[in-house]
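# Architecture and fold: a report
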Amino acid sequence: GIQVEQSPPDLILQEGANSTLRCNFSDSVNNLQWFHQNPWGQLINLFYIPSGTKQNGRLSATTVATERYSLLYISSSQTTDSGVYFCAVETSGTYKYIFGTGTRLKVLA
Amino acid sequence: EAQVTQNPRYLITVTGKKLTVTCSQNMNHEYMSWYRQDPGLGLRQIYYSMNVEVTDKGDVPEGYKVSRKEKRNFPLILESPSPNQTSLYFCASSLGAPGQGAPAQYFGPGTRLLVL
């Protein structure tokens, strides 16, 4: 089945810094989403982005489907950005989601 | 308020004692799904449902059952729980299935299960 790898596994930043999180996948995908799991465990959908670029405030995401990767950019990071970031993909016609193992981000005040 | 609710939030049980974790959404979503989250493994899909009476296996369905008799509810049933089912469980829903319109998933708060 499709493999989904995220890097880096862990990241520590000072407040105000920028960061790039990466999601690589081993096959073509029909659907790709980014999620944030906050320190209290709640999962929030950030982006639905099977291809192209989207922006939402300080966050933006780009998926290059032909090269099988997606990037999540966090600019001017805040302590509330701490948590784990997951990407999840679905390959065409399976209707099943495969999650990466996540990037754990800690933003220091 | 649009939300996905799960009950109970925490559960301690013993091996072999049947249990049900309920999931309900009030957004008229068609697609619903159950995941388990374990350290180092991320989230893995257990079962999903495209609509009422339509369910299918995810990546780790062994030891679990589901039903979708009503659009809003999607309970997860563990007929004979074992210690390897100790995990954090999430229910999620989306307006459409992956590949269809509006697939963004909304997650419940999670149910932490300990099987002794």
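Refer to the structure above for everything that follows.
Okay, so let's go over this structure. (Residues numbered from 1 in each chain as written. Chains lettered and ligands numbered in written order. Predicted model: local features only at pLDDT ≥ 70, side-chain atom pairs only at ≥ 80, totals over all residues. Heavy atoms only, no water.)

## Here we look at the interface of chain A and chain B
With 20 residues of chain A in contact, the opposing surface of chain B contributes 23 residues. Taken over both partners, the interface formed by chain A and chain B buries close to 1,800 Å², and the fraction arising from carbon and sulfur atoms is 57%. Our count for the contact surface shared by chain A and chain B stands at one salt bridge. Among the ionic pairs, Lys96(A) bridges to Asp59(B), the shortest N-O distance being 3.7 Å. Inspection of the chain A/chain B interface yields six residue pairs in polar contact (both at pLDDT 80 or more). Elements with a contribution of two residues or more to the side of chain A that touches chain B: strand E4 (31–37), strand E5 (43–48), strand E9 (83–90) and strand E10 (98–99) of chain A. (Contact = heavy atoms within 4.5 Å. Buried area = accessible area lost by both parts, 1.4 Å probe. Salt bridge = Lys/Arg side-chain N within 4 Å of Asp/Glu carboxyl O. Polar contact = N/O pair within 3.5 Å; in protein donor to acceptor, adjacent residues only side chain to side chain. Helix = DSSP H or I, 4+ residues; strand = E, 2+ residues; numbered from the N terminus.)

## Quick notes on the nonpolar core
One finds Trp34(A), Leu72(A) and Val89(A) to be the most contacted residues of the largest nonpolar core, which totals 23 residues. Of all the secondary structure elements, the ones that give two or more residues to this core are strand E2 (10–14), strand E3 (19–25), E4, E5, strand E7 (59–64), strand E8 (69–74), E9 and strand E11 (103–108) of chain A. With 19 residues, the next largest nonpolar core counts Val21(B), Val60(B), Val66(B) and Cys91(B) among its residues. (Core = buried A, V, L, I, M, F, W, Y, C linked by side-chain atoms within 4.5 Å. Buried < 20%, exposed > 50% of the residue type's maximum accessible area, 1.4 Å probe, protein only.)

## Re the packing of aromatic side chains
Each aromatic ring pair is specified by the distance between its two centres and by the angle formed by the two planes. Within this structure, the stated rule accounts for nine aromatic pairs over all chains. Considering the side-chain rings of Phe35(A) and Phe107(B), the 5.3 Å spacing of their centres and the 85° angle between planes classify their relative orientation as edge-to-face. Linking Phe35(A) in strand E4 with Phe107(B) in strand E10 (residues 106–107), this pair reaches from one chain into another. Both residues of the pair, Phe35(A) and Phe107(B), count as buried. Pairing Phe99(A) with Tyr35(B) gives two aromatic rings, centres 5.3 Å apart and planes at 75°, and the pair type is edge-to-face. Here Phe99(A), found in strand E10, pairs with Tyr35(B), found in strand E4 (residues 31–38), and the two come from separate chains. The two residues Phe99(A) and Tyr35(B) agree in class, both being buried. An aromatic cluster of three or more residues is present, and its members are Phe35(A), Phe86(A), Phe99(A), Tyr35(B), Phe90(B) and Phe107(B). Over the ring of Tyr69(A) we find Arg22(A); its NZ or CZ atom is 4.2 Å from the centre of that ring. (Phe/Tyr/Trp six-rings, centres within 6.5 Å; stacked < 30°, edge-to-face > 60°. Lys NZ or Arg CZ within 6 Å of the ring centre and 35° of its normal.)

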